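Fold and geometry: a report
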Amino acid sequence: MNRYLPILIVVISNTLYHICAKSVPEGLNTFASLTVTYLIAAMLSLAFFFVSQRNGNLLAEYRQLNWASFALGLAIIGLEAGFIMMYKVGWNISVGQLIASALLAIVLIFVGYLAYHEAITPTKLIGAAVCLVGLYLLNK
């Protein structure tokens, strides 16, 4: 169960995420919405820290931060804003995420190769080709 629990959390959270992103009012400024989103996320993150680390030292944890936490903040804003805007301009919830994920899968094959020395196997290339065929069929 430990191996599959994170995937289950991601799927449930991602489903809720896309329902919420699609439900942001069209006239509401995307970034105004995100300020509330991140205030809630910050408060919950702080609460989860103290629940998961009895007597935890938050400042000691902060001393271990590197560039990745700050860059992740920028990336998350891009993701959130991009998806909210995607839905505001009319993308279907069933197609927009699928297209973004297929393109991401293809990009990450090359990121994995260049940055992490992961092998590009024939199976991965076939998978990327299947993604491209799927994108073609979705947009036809």
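Here is what the cut-offs are and how they apply
Residues numbered from 1 in each chain as written. Predicted model: local features only at pLDDT ≥ 70, side-chain atom pairs only at ≥ 80, totals over all residues. Heavy atoms only, no water. Helix = DSSP H or I, 4+ residues; strand = E, 2+ residues; numbered from the N terminus. Rg over C-alpha atoms; globule rule 2.2 N^0.38 Å. Buried < 20%, exposed > 50% of the residue type's maximum accessible area, 1.4 Å probe, protein only. Contact = heavy atoms within 4.5 Å. Expected span 1.5 Å × (residues − 1). Phe/Tyr/Trp six-rings, centres within 6.5 Å; stacked < 30°, edge-to-face > 60°.

Here we take up the overall build of the protein. Across its full length, the protein carries 6 helices and 0 strands. Put simply, the protein runs from its N terminus to its C terminus through helices and strands in the order α-α-α-α-α-α. The C-alpha atoms of the protein give a radius of gyration of 18 Å, which is well past the 14 Å a tight globule of 140 residues would have. Projected onto its principal axes, the C-alpha coordinates of the protein cover approximately 55 × 45 × 30 Å. Looking at the protein as a whole, 19% of its 140 residues are labelled buried. Look at the contacts in the protein between residues 6 or more apart in sequence, and 66% of them connect residues 24 or more apart.

Bringing helix α2 (residues 30-52) into the picture now. Over its 23 residues, α2 extends 32 Å from the first C-alpha to the last, a length consistent with the 33 Å expected when each residue adds 1.5 Å. Among all positions in α2, only Thr-30, Ser-33, Leu-34 and Phe-49 are buried. For α2, the secondary structure elements touched by its buried residues are α3 (58-62) and α4 (67-88).

Considering all chains together, one arrives at 2 aromatic pairs under this definition. Seen in terms of ring centroids, Tyr-17 and Phe-83 are 5.8 Å apart; in terms of plane orientation they differ by 80°. Their pairing is edge-to-face. One end of the pair, Tyr-17, is in helix α1 (residues 5-23); the other, Phe-83, is in helix α4, and 66 residues separate them in sequence. We note that Tyr-17, like Phe-83, is buried.

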